[in-house]
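Topology and contacts: notes
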Amino acid sequence: MSTEPDPKSAGRTLSIIVPTFREAANIAPLAERIAAALSGTGIEWELLLVDDDSDDGGEAVAAELGQRLPVRMVTRRDVPRDLSLAVIEGIRQCRFDRLVVMDADLSHPPERIVDLLAALETDCDMIIGSRYSPGGTVDKSWSLYRVLNSQLATWLARPLVKCADPMSGFFATRRGALPDLRTLRPMGYKIALELMVRGRLRVREIPIDFRDRSVGFSKMNWRQQLRFLRHLSRLYNYKFGSLARVPFFSAVGASGLLVDLACYLGLQWVGVEHRLARFLSFWPAVGWNWALNRGLTFSERARQPHLGQLARFMASSLVGLAVNVGSYALLTSYVDLFDRHRLLAFFCGVGLGSIVNFLVADLYVYGRRPETDR
Ligand code: GDD
Ligand code: MN
């Protein structure tokens, strides 16, 4: 028997993919609510739980449920846990062409699945259950921090997609509309964003009410946030090419300036002479920039040994510094305009030095490996 989805029965079938990590207590309520929401619709469905080896009894719960509902769990073992990769595994293993992806913790209302499917009948490839399109809401208990955090993430993704809530984990799509799964390179939470950008999907949204989980705990943490930034940098790079690295490189540079300043002031505070402090503070800032550029700006480049790369970055920073200060000296010595407006010369120096730094970083320090670039 072929495992390929049968397109003819597509309108009546549905695979629901749910990534799970330590959600044993949520599985049964989720399955019951899905069953209730789909009963009487005539849809033949399956619930595919893709678990990252939680070892919390979820497998037994799923097996038990599987006796009376179309529920099964696949477990990913011996791999780093990752929500997006779990969803991709689910897409590989599901039986039907129409898909819905949602969270296990009942944050996404199963009652809205039918509305996602109805909207999918129009001319588009993906329907997002959106918290931020008109009529959508988030849980009232959200702290200001969480609201701002979510808004900032959404805003950062704006240049990539036309969508009010590209961070949503609740969506419907068709297997046939998705790009070749081997071309996907997601990391962390934002699988919908990955699919939209790389698959160039036509996306529409319907509003949903997002409820906070009542059982278990969120697996979102600062590590995931960092992974999100790295994922974002990959997608920018995919969509806009190497130029997309410039804003990342600049942001890293600006943060390095703060490190420089903090060390410069801190060293003087503990009694170091100001010129020595100026000389010393440069190096931790360079180290900081190197690490962030390695992890963020050039994150998908092939990894090279730390120490050699750090040394090359330091050397290139010195070249950048020489260009910066040298051009300042030349401009103010030989061009009257710059001598009268020295701040202009200052910023020209910073600009030229940064361009040199960026080019050397791109071509030399982090190595150019086009085949791994995207
Ligand atoms: N297999 C697997 N592996 N599943 C995971 C992993 C993992 O490493 N991490 C989390 N999950 C599952 C959880 O078990 C849950 O079903 C779902 O993914 C969402 O995880 P939560 O920990 O509940 O995340 P959240 O509520 O902070 O994030 C949700 O809201 C975000 C927007 O605020 C998710 O829907 C995100 O996709 C969404 O961006
Ligand atoms: Mn959640």
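Preceding this paragraph is the structure being described.
Presented here is an overview of the structure given in this document. (Residues numbered from 1 in each chain as written. Chains lettered and ligands numbered in written order. Predicted model: local features only at pLDDT ≥ 70, side-chain atom pairs only at ≥ 80, totals over all residues. Heavy atoms only, no water.)

Moving on, we get to the nonpolar core. Core analysis: the largest hydrophobic core is formed by 37 residues, its most contacted members being Phe-171, Leu-193 and Leu-195. Contributing elements (two or more residues each) for this core: strand S2 (44-51), helix H3 (83-93), strand S4 (98-101), strand S5 (126-130), helix H5 (144-157), helix H6 (191-199) and helix H7 (222-240). Here Phe-171 is in contact with Leu-99, Val-100, Val-101, Leu-116, Met-126, Ile-127, Ile-128, Ile-191, Ala-192 and Leu-195, once residues within four sequence places are set aside. Membership of the second largest hydrophobic core comes to 33 residues, among which are Ala-35, Leu-65, Leu-69 and Ala-104. (Core = buried A, V, L, I, M, F, W, Y, C linked by side-chain atoms within 4.5 Å. Buried < 20%, exposed > 50% of the residue type's maximum accessible area, 1.4 Å probe, protein only. Helix = DSSP H or I, 4+ residues; strand = E, 2+ residues; numbered from the N terminus. Contact = heavy atoms within 4.5 Å.)

A word on empty space enclosed by the protein. All told, the structure shown has one cavity of 30 Å³ or more when counted by the stated rule. Roughly 50 Å³ of volume is contained in the largest cavity. Lining the largest cavity we find Arg-294, Phe-298, Arg-301, Ala-302, Arg-303, Gln-309 and Tyr-366. Each residue belonging to the lining of the largest cavity can be placed in one class, and the counts come to three nonpolar, one polar and three charged. (1 Å grid on protein atoms, 1.4 Å probe; cavity = no way out; pocket = protein on both sides within 12 Å on 5 of 7 lines; lining within 4 Å. Points joined across faces, edges and corners; volume = space filled by probe spheres on them. Nonpolar A, V, L, I, M, F, W, Y, C, P; charged D, E, K, R; others polar.)

Taken together, 25 residues lie around ligand 1, and Glu-23, Asp-52, Asp-103, Met-167 and Lys-219 are the ones closest in. At 3.4 Å from an oxygen atom of ligand 1 is found a main-chain nitrogen or oxygen belonging to Asp-82. Relative to its unbound accessible area of 740 Å², ligand 1 is 96% covered by the protein chains. If you list the elements that add at least two residues to the shell around ligand 1, you get strand S1 (13-20) and H3. (Near = heavy atom within 4 Å. Polar contact = N/O pair within 3.5 Å; in protein donor to acceptor, adjacent residues only side chain to side chain. Areas by Shrake-Rupley, 256 points an atom, 1.4 Å probe, with all protein chains shown as cover.)

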